[in-house]
Amino acid sequence: MGTELGSLSTALSALQSERKALEVTGQNIANANTAGYTRQRANMQAVGGSVQPAMYSKSDGIGNGVTVVDVQRLQDAFLEQRANTENGALSSLNVSQQTYSDIENSFGEPGATGIQNLLSTFANGWDDVANNPKDPGARTALIGDAQSVASALNTSSSALNAQWASSKQTLNSEVGQINDAATNIAALNKAIVAAANAGNSPNDLMDQRDSLIRSVASMIGVTTKPQADGSTDVLIGGSSLVSGSLARQLTVGGASALDQVAATPVSLSWADSGTAVNATTGDVGGYLTSLNSTIPSYSDQLDAIASSLVTAVNAQQALGYDLNGAAGGNFFDPTKTTAANIAVTISDPNTVAASAVGPTVDANGNTVPSLDGANAQLIASTSLKPTSDTYRQMIVQLGSASQSVQQKTSTQQAVVQQVQTSRDSAAGVDLDEEQTNLISYQQAYNAAAQYVTVINSVLDTLINRMLA
Amino acid sequence: MTMRVTQNAVTSLMLAGLQGNQSRLSTLEQQLSSGKQINKPSDDPVGTDQAMRFRTDISRNTQYQRNAQDGLSWLGTADNALQSGVSILQRLQTLTTQAANTGSGNSTSRAAIATEVASLKQQMMSVANTTYLGRPIFGGTTPNDTAYIQDANGVVSYQGDSGAVMRTVADNTQVQVNISNTAAFGAAGSDVFSMFDQIGSDLQSNQGNLSNDLSSISDALGRMTSAQATEGAAYNRITALNTSSTNLVTNLTSNLSSVEDVDTAKAITDFTMQQASYQASLSAMSQVLQLSLTAFLK
């Protein structure tokens, strides 16, 4: 309206709007370092005259001031979703990398103290027995070497078992965290919807919700669906985890020890319906892969190596004759053929079957054993070679797989970094920009105040000085 | 559209760069302190394969060297024994020739010769029972302490067996390191001991046969020197293979080192460069982070 008093209301609207904009800028500056904060902007719009002309209210072409229509949250939903996806992939790779690294550490190859070296020493021990079949020292040393190999296999196996148990534990605790986050997201959805209905912009609640969704996305891959009422649905593999203000829970089932994995793999399912959850990314995806295929694969290979060792040595030992003239008995316990329980069963050094030639009977009817060493020499050169080769191949393949995961992880880290930068570019707070805004809002406020002063003096002239 | 760069973006980019620097530094540090460039299989899978193969081969060849040393001892002991045996037979030849030439000669001189022949027989017996590490070297694979025993009537018989003692001195290569009793002393019934007995009895009652005995002695000498030749050949063979093994171990050790061990000079150079790069990024970071509009607004 083109009146003096009307101008005051224009000035008032300016003062109020600029102050509101200053508050928003203040909020941005205060939260410059808050993780996950999305910057906000006060959107101002000019207030026009009344559109419908009526008898006593007609627009004269000049507007009625300014109003802040909303405080906009500058978030790019596409970048958010992309960041979630890439973080999920990175988490999964990080878990894989850690798994492989732990497995490598439990073998300690290449080096002078690993299983490969113990197998070599064991093989050479047979030659020492062949060089001096009557010497109990060489035989005792051989049994000792065998026990070292068995021990090392036991240790590696139990390291793998411990790693499996610890990964399972971590998986359980992550699923617990996901469940908690889901409940919290649902509660936030409820609060946001209520606030939106009341006409407020619950930007900070939305930030909290997004940060929870981000953490869930890195734990297990999720997709989000914003709803019209302001809530966001969170889905895992198409099934909803959070739907409005309702949250569902996940449970971990399946094997509780490494040796049960073949029969019942570790699995994730919905607590309410029991259907399986297809989780392939995020920490959870990484742990499921580790628990169900990576660790069991190396454990199985180790078991096969132990079994081949037991079989090869026992078989060749059986073809020979010992110092008592008897045919060779079991060197390793034939009922214990896994890496966890392989054990040396021979205890009397004389029962090491070094000779390939059987005993003879002398004139007095006594058994005369042969001091031949060919059976021992055969074990030294031939019987242990396949086991040693298989072990070496397993280690090399482990190294390759681990190296490949490391490369993928560092590539993915670069991708995540780049996505992060993009997201930050859209949503992050730039202090220089905020300070500039401060100045412009402050100047506008000063100018509006000056306008009030001028209108005041105009009114003063009109009321107090005209026709005085 | 120009990209907005916020303080947070700058900080996190710089931190990521620093992290990268740190992790490269830490890898180099680990290499320098362990002396190895392969600390786990994923550092170099191909190198790991080579290193493991080299280790296995070095271990096996070192064992071949042990086996070879033992074999050489066997053969060396046999050589000394056979040498003594040859001397004994040569002395026997001299004595028998003397007895044969004396003709119908002096029974006293023949008695003296007979005594010495008996003594030579005992010496030969002790040579035949030479041991190495508690085993009779001419006894084959017998567990008995001696190869030959003598009964109450002075008849010597063989109580060993005909087994071969082999030593693995190279891949798929075994060499026999014992001399069989038949190769050194002759087969049972016609060995050197029955020859001694024959000569003893001929000296007493059948001097005419002494010339036949001389040809037996000559056969026995021939047999023993031939055994020496066999032993010598085996000795040379093992020595050559042992030298091969030694050279192989040296080469393999050097190969292993070049695959596994860190090149210290290069590692230290890389480490120094990496440190300089780290310091440069710290310095750049400190300068950039301090820039802000606040400093200029009054």
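Residues numbered from 1 in each chain as written. Chains lettered and ligands numbered in written order. Predicted model: local features only at pLDDT ≥ 70, side-chain atom pairs only at ≥ 80, totals over all residues.

1. Describing the overall build of chain A
Link 1 in the chain: Broken down by element type, chain A carries nine helices and 10 strands.
Link 2 in the chain: In terms of C-alpha radius of gyration, chain A reaches 39 Å, well past the compact-globule figure of 23 Å for 468 residues.
Link 3 in the chain: C-alpha atoms of chain A, sized along the principal axes, occupy 160 × 45 × 25 Å.
Link 4 in the chain: Sequence separation of 24 or more characterises 70% of the internal contacts of chain A that already satisfy a separation of 6 or more. (Helix = DSSP H or I, 4+ residues; strand = E, 2+ residues; numbered from the N terminus. Rg over C-alpha atoms; globule rule 2.2 N^0.38 Å. Contact = placed C-beta atoms within 7 Å.)

2. What about the overall build of chain B?
Link 1 in the chain: Scanning chain B for helices and strands turns up seven helices and six strands.
Link 2 in the chain: Moving toward the C terminus, one meets the helices and strands of chain B in the order α-α-α-β-β-β-β-β-β-α-α-α-α.
Link 3 in the chain: Taken over the C-alpha trace, chain B has a radius of gyration of 39 Å; the compact-globule value for 298 residues is 19 Å, which it surpasses by more than 25%.
Link 4 in the chain: Summarising its shape, the C-alpha atoms of chain B cover approximately 145 × 30 × 30 Å along the three principal directions.
Link 5 in the chain: In chain B, which comprises 298 residues, the proportion classed as buried is 33%.
Link 6 in the chain: Restricting to contacts in chain B with at least 6 residues of sequence separation, those with at least 24 account for 70%. (Buried ≥ 20, exposed ≤ 12 C-beta atoms within 10 Å, placed from the backbone.)

3. Some remarks on the domain arrangement of chain B
Link 1 in the chain: Taken as a whole, chain B is organised into domain 1 (52–255) and domain 2 (263–298).
Link 2 in the chain: Distance between the C-alpha centres of domain 1 of chain B and domain 2 of chain B: 80 Å. (Domains from an automatic or database assignment.)

4. Section: the domain arrangement of chain A
All names here are of chain A.
Link 1 in the chain: According to the domain assignment, chain A consists of domain 1 (4–73 + 429–465) and domain 2 (82–419).
Link 2 in the chain: The C-alpha centroid of domain 2 is placed 66 Å from the C-alpha centroid of domain 1.
Link 3 in the chain: Among the elements that line the side of domain 1 that touches domain 2, the one with the most residues is strand β2 (residues 66–73), at three residues.

5. What about the sheet that holds strand β4 (residues 232–236) of chain A?
All names here are of chain A.
Link 1 in the chain: The strand order across the open sheet formed by four strands is β3-β4-β5-β6, and the pairing between neighbours is antiparallel. Each having just a single partner strand, β3 (223–226) and β6 (246–247) make up the two edges of the open sheet.
Link 2 in the chain: Here strand β5 (residues 239–243) runs beside β6; their pairing, made up of two bridges, is antiparallel. Looking at β6, one finds that Ser243 is bridged to Leu246. (Pairing = 2+ DSSP bridges.)

6. A closer look at the interface of chain A and chain B
Link 1 in the chain: The interface is formed by 45 residues belonging to chain A together with 41 residues belonging to chain B.
Link 2 in the chain: Among the elements of the structure, α2 (77–107), α3 (115–131), α7 (374–383), α8 (385–427) and α9 (431–465) of chain A are those that each provide at least two residues to the side of chain A that touches chain B.
Link 3 in the chain: Element by element, the count of residues in the side of chain A that touches chain B is highest for α8 of chain A, at 15 residues.

7. A few points about the nonpolar core
Link 1 in the chain: Leu153, Ile185, Val216 and Val284 of chain A are the most contacted members of the largest nonpolar core, which has 92 residues in total.
Link 2 in the chain: At 18 residues, the largest contribution of residues to this core is made by helix α4 (residues 136–197) of chain A.
Link 3 in the chain: Setting aside residues no more than four positions away along its own chain, Val216 of chain A makes contact with Ile178, Ala181, Val222 and Val234 of chain A.
Link 4 in the chain: With 43 residues, the next largest nonpolar core counts Leu82, Leu92, Val165 and Leu203 of chain B among its residues. (Core = buried A, V, L, I, M, F, W, Y, C linked by C-beta atoms within 7 Å.)

8. Quick notes on the environment of Gln45 of chain A
All names here are of chain A.
Link 1 in the chain: With respect to the secondary-structure elements, Gln45 resides in strand β1 (residues 40–46).
Link 2 in the chain: Judged by C-beta crowding, with 11 C-beta atoms within 10 Å, Gln45 ranks as exposed.
Link 3 in the chain: The spacing of Gln45 and Val69 is 24 residues in sequence and 6.4 Å in space, taken between C-alpha atoms.
Link 4 in the chain: Setting aside residues no more than four positions away along its own chain, Gln45 makes contact with Val66, Thr67 and Val69.

9. A word on helix α6 (residues 282–318) of chain A
Link 1 in the chain: Its 37 residues place the ends of α6 of chain A 53 Å apart at the C-alpha level, agreeing with the 54 Å of an ideal helix rising 1.5 Å per residue.
Link 2 in the chain: At Ser290 of chain A, α6 of chain A is deflected by roughly 45 degrees, the largest bend along its length. (Expected span 1.5 Å × (residues − 1). Bend = angle between axes of the 7 residues up to and from the residue.)

10. Notes on the packing of α8 of chain A against helix α2 (residues 45–101) of chain B
Link 1 in the chain: The interhelical angle for the contact between α8 of chain A and α2 of chain B, taken along N-to-C directions, is 160 degrees, at an axis separation of 8 Å. Put simply, α8 of chain A runs roughly antiparallel to α2 of chain B. Along this stretch, α8 of chain A crosses α2 of chain B, giving a crossing that reads as right-handed. Each of Ser388, Arg392, Ile395, Val396, Gly399, Ser400 and Gln403 of chain A in α8 of chain A lies in contact with α2 of chain B, whose residues at this interface are Pro45, Thr48, Asp49, Met52 and Thr56 of chain B. (Axes fitted to C-alpha atoms, helices over the stretch in contact; angles between N-to-C directions. Parallel < 35°, antiparallel > 145°, perpendicular 65-115°, else oblique. Left-handed = near helix turned anticlockwise from the far one by under 90°.)

11. Considerations on α3 of chain A
Link 1 in the chain: With 17 residues, α3 of chain A extends 25 Å from end C-alpha to end C-alpha; this agrees with the ideal 24 Å at 1.5 Å per step.
Link 2 in the chain: Counting buried positions over the 17 residues of α3 of chain A gives 15, a clear majority of the element.

12. Description of the pairing of strand β7 (residues 250–253) of chain A
All names here are of chain A.
Link 1 in the chain: Side chains of β7 alternate between two faces, with Leu250 and Val252 buried and Thr251 and Gly253 left unburied.
Link 2 in the chain: Direction of pairing for β7 relative to strand β8 (residues 267–270): antiparallel, over a ladder of four bridges. Pairing of Thr251 across the sheet is with Ser269, part of β8.

13. Here's the deal with the environment of Met14 of chain B
All names here are of chain B.
Link 1 in the chain: Looking at where Met14 falls in the secondary structure, it is placed in helix α1 (residues 7–34).
Link 2 in the chain: Given 17 C-beta atoms within 10 Å, Met14 falls into the partly exposed group.
Link 3 in the chain: For the pair Met14 and Met224, spaced 210 residues apart in sequence, the C-alpha separation works out to 87 Å.

14. Things to note about the environment of Ser297 of chain A
Residues and elements named next belong to chain A.
Link 1 in the chain: Along the chain, Ser297 falls in helix α6.
Link 2 in the chain: Given 15 C-beta atoms within a 10 Å radius, Ser297 is considered partly exposed.
Link 3 in the chain: Placed 196 residues apart in sequence, Ser297 and Ser101 show a C-alpha to C-alpha distance of 15 Å.

15. Some points on unusual backbone geometry
Link 1 in the chain: Cis geometry marks the peptide bond from Glu109 of chain A to Pro110 of chain A; its omega dihedral reads -10 degrees.
Link 2 in the chain: When you line up the elements, Pro110 of chain A lands in the loop between α2 and α3.
Link 3 in the chain: Located in the positive-phi region is Leu133 of chain B, a residue other than glycine, with phi close to 55 degrees.
Link 4 in the chain: Among the structural elements, Leu133 of chain B can be located in the loop between β1 (131–132) and β2 (135–136).
Link 5 in the chain: Looking at Leu133 of chain B, the number of C-beta atoms within 10 Å reads 13, which means it is partly exposed.
Link 6 in the chain: Unlike most non-glycine residues, Asn172 of chain B shows phi in positive territory, near 55 degrees.
Link 7 in the chain: By the element assignment, Asn172 of chain B lies in the loop between β5 (166–170) and β6 (173–176).
Link 8 in the chain: Accessibility expressed as a C-beta count within 10 Å gives 7 for Asn172 of chain B, which makes it exposed.

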